[in-house]
Amino acid sequence: MVLPRAEYEALLVKKGELSEEEEEAADIAVFDQRMAELEENPEAALPREVNAALLRGATLVRALRDWRGVRQQELAAKAELGQGYLSDIERGRSQGSPEARESIARALDVPKEWLR
């Protein structure tokens, strides 16, 4: 079944969702907050290649590992993690413990904030 966009949006409003204007205002607020965070801490910005990989569907750890040109086995050894555990993190099956994410950040020489 196909609905015209106006009817779909009207159904969302009836269901109690945000109106288009409210949703747009929320998006702008998130954008403004993120821009303020980036001004405060420029290191918080991910490299362009990493962002491109994320847009193609890669997980953050996989995108960072590829960006650094490190094989999964090498990263697992440097981060002192099991390769299977790292694989689960890269595939999104596990978020990894805070300690594991910090170890990965150290091994990839990236700010630990990137992996929070």
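Residues numbered from 1 in each chain as written. Predicted model: local features only at pLDDT ≥ 70, side-chain atom pairs only at ≥ 80, totals over all residues. Heavy atoms only, no water.

## Considerations on the overall build of the protein
Of the regular secondary structure elements, the protein holds seven helices and zero strands. Overall, the protein shows an N-to-C arrangement of helices and strands of α-α-α-α-α-α-α. Buried residues in the protein amount to 26% of all 116 residues. The contacts of the protein with a sequence gap of at least 6 include a subset with a gap of at least 24, amounting to 43%. Just so you have it, the protein exposes about 8600 Å², and 50% of that area is on carbon and sulfur atoms. (Helix = DSSP H or I, 4+ residues; strand = E, 2+ residues; numbered from the N terminus. Buried < 20%, exposed > 50% of the residue type's maximum accessible area, 1.4 Å probe, protein only. Contact = heavy atoms within 4.5 Å. Areas by Shrake-Rupley, 256 points an atom, 1.4 Å probe, with all protein chains shown as cover.)

## A word on the pattern of salt bridges
The full count for this structure, using the stated rule, is six salt bridges. We note a salt bridge from Arg62 to Asp66, for which the minimum N-O separation is 3.0 Å. With Arg62 and Asp66 both in helix H4 (residues 60-68) and four residues apart, this pair spans about one turn of that helix. Judged by relative accessible area, which is 37%, Arg62 ranks as partly exposed. Note that Glu74 is salt-bridged to Arg71, the shortest N-O span being 3.9 Å. Classification of Glu74 by relative accessible area gives partly exposed; the value is 34%. (Salt bridge = Lys/Arg side-chain N within 4 Å of Asp/Glu carboxyl O.)

## Some points on the confidence of the model for the protein
Mean pLDDT over the protein stands at 85; residues scoring 70 or higher make up 87%. Helix H1 (residues 5-14) is the least confidently modelled element of the protein, averaging 68 in pLDDT, while helix H5 (residues 72-79) averages 97, the highest of any element. (pLDDT = per-residue confidence, 0-100.)

## Comments concerning the packing of aromatic side chains
Ring pairs (aromatic) are described by centroid distance and by the angle formed between their planes. Counted by the stated rule, this structure contains one aromatic pair. Taking the centre distance of 6.2 Å and the plane angle of 50 degrees together, the rings of Trp67 and Trp114 count as tilted. One end of the pair, Trp67, is in helix H4; the other, Trp114, is in the segment after helix H7 (98-108), and 47 residues separate them in sequence. We classify Trp114 as buried; its relative accessible area is 12%. (Phe/Tyr/Trp six-rings, centres within 6.5 Å; stacked < 30°, edge-to-face > 60°.)

## As for the environment of Leu81
Along the chain, Leu81 falls in the loop between H5 and helix H6 (83-90). What makes Leu81 buried here is its relative accessible area of 18%. The spatial distance from the C-alpha of Leu81 to the C-alpha of Ile104 is 8.6 Å, given a sequence separation of 23 residues. If we ignore the near neighbours within four places in the chain, the residues touching Leu81 are Ala76, Ala100 and Ile104.

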